[in-house]
Amino acid sequence: MKNHEGTSDSASPAVHGWHQLDWGHINRSVRKTQLRIAQATRDNDWRRVGRLQRLLTRSFYGRCWAVKRVTENRGRRTPGVDGQTWGTPKAKWTAVSRLSKTRGYRPRPLRRVWIPKPGKTERRPLGIPTMLDRAMQALYLLALEPVVETTSDPGSYGFRSDRSTADAMVELFHLLSPKTGPQWVMDADIKSFFDKISHDWLLKSVPMDKSMLRKWLKAGVIDRHTLRATEEGTPQGGIISPCLANATLNGLETELKTHLYEQFGKTRGSKLKVNVVRYADDFVVLASSKELLEETIRPWIEAFLAVRSVELSPEKTQIVRIEDGFDFLGWNFRKYVLKSHHKGSKLLIKPTKENAQAFYRKVREVIRGSGDMTQEALIGRLNPILRGWANYHSPVVAKETFSALDRHIQWRLRRWAKRRHPKKSILWIRKKYFHSIGGRNWVFAKPYKTEQGEVTYKQLYLLAETAIVRQKRLPGAYSPFDPEHELKWEAIRIKRMQHKLRYRKQVLWLFRRQQGKCALCGSAISKDTGWHDHHIVRRVDGGSDKLGNRALLHPNCHAQLHSQHGSVALRHSGIKDIRSSS
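The model shown is predicted, which means the values in this text are computed figures rather than measured ones.

Each value, and the rule that gives it
Residues numbered from 1 in each chain as written. Predicted model: local features only at pLDDT ≥ 70, side-chain atom pairs only at ≥ 80, totals over all residues. Heavy atoms only, no water. Helix = DSSP H or I, 4+ residues; strand = E, 2+ residues; numbered from the N terminus. Polar contact = N/O pair within 3.5 Å; in protein donor to acceptor, adjacent residues only side chain to side chain. Contact = heavy atoms within 4.5 Å. Pairing = 2+ DSSP bridges. Axes fitted to C-alpha atoms, helices over the stretch in contact; angles between N-to-C directions. Phe/Tyr/Trp six-rings, centres within 6.5 Å; stacked < 30°, edge-to-face > 60°. Buried < 20%, exposed > 50% of the residue type's maximum accessible area, 1.4 Å probe, protein only. Lys NZ or Arg CZ within 6 Å of the ring centre and 35° of its normal. 1 Å grid on protein atoms, 1.4 Å probe; cavity = no way out; pocket = protein on both sides within 12 Å on 5 of 7 lines; lining within 4 Å. Points joined across faces, edges and corners; volume = space filled by probe spheres on them. Nonpolar A, V, L, I, M, F, W, Y, C, P; charged D, E, K, R; others polar. Domains from an automatic or database assignment.

Quick look at the side chain of Gln375
Part 1: Tracing the chain through its elements places Gln375 in helix α15 (residues 375-392).
Part 2: Here the side chain of Gln375 touches Ala445 through a polar contact of 3.0 Å, landing on its backbone oxygen.
Part 3: Leaving out residues up to four positions away in the same chain, Gln375 has contacts with Trp416, Lys432, Tyr433, Phe444, Ala445 and Lys446.

Structure below.
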């Protein structure tokens, strides 16, 4: 009998259902194999890499983890061409067994869905795989991700664990803000990147099971009831597509620098101030001169991309001085020359006008389309939109933009109230919909009474109240699959979670008490995993809402806990000898 990391299904004789799985042990087992794959990659032992990848993709634990991922992410209720979703424990448990049958496996065609591009009239095509194909991709992604992550460029931030757009912004800030920083920027755009990647290049260069990759790439797509062949590209919508995209562009930074060192020598090459910051297929190249970008760097990048059958967009790729500014990831980067010349210039990063206008249009459409919606319902609809956009821009110079948008939204809400009551006076409207709270007047809020009889308000989120919190710079060499970086990352992760949860003081208190871990399985809680606020003694049994009766759990751990009978020990809750009733 083999252990769970092996290939045998008989490795789990005591497990007879989805809710009996020990997710803490599964996560640790899968992670252990991924760390071994990453180490073999660093050692350039590709035969060992392939052996470990096969071990992971054939393992019982790997299959369980893959099913868990596709049934807990945002697209779990979106079916493919077969119309199936796995919403029950029985369906998930059956799927684990289905993933072991790779012989004769043929992926179904993708279901084409067209979604609008943010702030644009154009539409972006998505390819939605079936649940089985998604789970199979998630399984092989487990084995591919450590390799791609270990070989990624330091300046790559898109679709990578523990990295975000804010990290790319902070890196650009540190590169551009010094007086001796690069003065020229190539703002590059790849034309139809995901739709044009060469299948031949992927099959030749991506270190994974070639036959499985070929099946996914050639699966075809059903668009408006018509089956179309896929001869190039990797569709947006597949779980493994972002990783394949990163694998395609890996080397853009490191190989470019190697080329410059060979052409100019290492000493002179290091003085050219060339750096690449990339987020998925969007990237900027920094350099000391316009001539270097035009005559050396751009031709090299075009040749690098041509091998992969993609190209720069001539219309959208531009070379600018940092004093003129450029837009990247929804922010405008520009150095402003100060009035006092001896003080030099200062780099400011602000939300772009286009991004702010697109956001306001979205808010405006929500207000216009509110119909018979109550004030309380409208506030509930707007607040997540307002808070999400404000949080995205909270690491940059955004106070002025926040205040301006608050004024526009306030004016829009006054018009909304006036349309609802055209015969009422402005004083009557103010008394009904707007209130004075905490020294602020004209606050769009709905009063209600608490259980204690106190009057409080459900109020519209104010953008200007968002705290500007600078993002801590992530070391370029950081990899989530390198144990040497674990302690450093843990410190950064806790700080970032505190920032993300600053509006949820009680959740933050629980997060700190549990040291960032799930109270049941002990694995880390993050934005990606999600969390549920669990009552240790159920409310239906008389349990209170006090913090001493609550704990944070992963969504799946929460469901598992409630599926079991009797009491279950929450060893990682931060409370001694605590057991949860289920």
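Some remarks on the sheet that holds strand β1 (residues 110-116)
Part 1: Within the open sheet, the four strands sit side by side as β2-β1-β4-β5. Their pairing is mixed. One side of each edge strand has no neighbouring strand; the edge strands of this open sheet are β2 (123-128) and β5 (226-228). Between one strand and the next, the sheet's axes are offset by a mean angle of 40 degrees, whatever the strand orientation.
Part 2: Two strands pair when backbone bridges link them, and strand β4 (residues 221-223) and β5 are joined in this way by three bridges, in the antiparallel orientation. For Ile222, the partnering residue across the bridge sits in β5 and is Leu227.

What about the packing of aromatic side chains?
Part 1: Tallying each qualifying case throughout the model produces 15 aromatic pairs.
Part 2: With a centroid separation of 6.0 Å and 45 degrees between ring planes, the pair formed by Phe60 and Tyr61 is classed as tilted. The residues Phe60 and Tyr61 share a single accessibility class, namely buried.
Part 3: For the ring pair Phe159 and Tyr279, a centre distance of 6.3 Å and an interplane angle of 45 degrees mean the geometry is tilted. Of this pair, Phe159 sits in the loop between α5 (131-150) and α6 (165-176) while Tyr279 is found in strand β6 (residues 275-279), placing the two residues 120 residues apart along the sequence.
Part 4: Looking at Phe159, the relative accessible area reads 44%, which means it is partly exposed.
Part 5: One aromatic cluster is present, built from ring pairs that chain together Trp416, Tyr433, Phe434, Trp442 and Phe444.
Part 6: Above the face of the Trp23 ring, Lys68 is positioned so that its terminal group lies 5.4 Å from the ring centre.
Part 7: For the cation-ring pair, Lys424 lies above Trp428, with the distance from its terminal atom to the ring centre recorded as 5.0 Å.

What about empty space enclosed by the protein?
Part 1: Here the structure, examined in full by the defined rule, presents two cavities of 30 Å³ or more.
Part 2: Its volume calculated, the largest cavity comes out at about 110 Å³.
Part 3: Forming the boundary of the largest cavity are 15 residues, of which Leu110, Gln137, Trp216, Leu217 and Pro235 lie nearest the centre.
Part 4: Among the elements of the structure, α5, α9 (210-217) and α10 (241-249) are those that each provide at least two residues to the lining of the largest cavity.
Part 5: Grouping the constituent residues of the lining of the largest cavity by class yields nine nonpolar, four polar and two charged.
Part 6: Counting only domains with at least three residues in the lining of the largest cavity, you end up with domain 1 (15-150) and domain 2 (152-197 + 232-350).
Part 7: If you add up the space inside the second largest cavity, you get close to 30 Å³.
Part 8: Forming the walls of the second largest cavity are Leu110, Trp216, Leu217, Ala219, Gly220, Thr230, Gly233 and Pro235.

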